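Examining the three-dimensional arrangement
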Amino acid sequence: MGVKPNFQCSDVCYFCHKRVYVMERLSAEGKFFHRSCFKCEYCATTLRLSSYAYDLHLVPAACNYCRLESYQAQG
């Protein structure tokens, strides 16, 4: 008997909830994203792993500039 291949080798994008394959995914904060979905929630700039801010209780992902602006506006 042959072994069936396992086609469940992908994960789900945290933002769009669609399948994201290993070759196209980013991983940050223990979550997976399509590169095109990993954008600032404020200005829609594509985020880089080296320059983003993450806050579970506020907007999940933002560029460092927008995150700083939102913190300054809050108080």
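What you are looking at is a predicted structure, and each value in this text was computed from that prediction instead of being measured. (Residues numbered from 1 in each chain as written. Predicted model: local features only at pLDDT ≥ 70, side-chain atom pairs only at ≥ 80, totals over all residues. Heavy atoms only, no water.)

1. Remarks on the packing of aromatic side chains
According to the stated counting rule, one finds 4 aromatic pairs in the structure shown. Geometrically, the ring pair formed by Tyr-14 and Phe-15 is edge-to-face, given 5.4 Å between the ring centres and 75° between the ring planes. Residue classification places Tyr-14 among the partly exposed positions, given a relative accessible area of 30%. Overall, Phe-15 belongs to the partly exposed group, its relative accessible area being 22%. Here the aromatic rings of Phe-33 and Phe-38 are separated by 4.8 Å at their centres, their planes lie at 35°, and the arrangement is tilted. A relative accessible area of 2% means that Phe-33 is categorised as buried. Accessibility expressed as a relative area gives 1% for Phe-38, which makes it buried. Three or more aromatic residues link up through ring pairs in this structure, and these residues are Tyr-14, Phe-15, Phe-33 and Phe-38. (Phe/Tyr/Trp six-rings, centres within 6.5 Å; stacked < 30°, edge-to-face > 60°. Buried < 20%, exposed > 50% of the residue type's maximum accessible area, 1.4 Å probe, protein only.)

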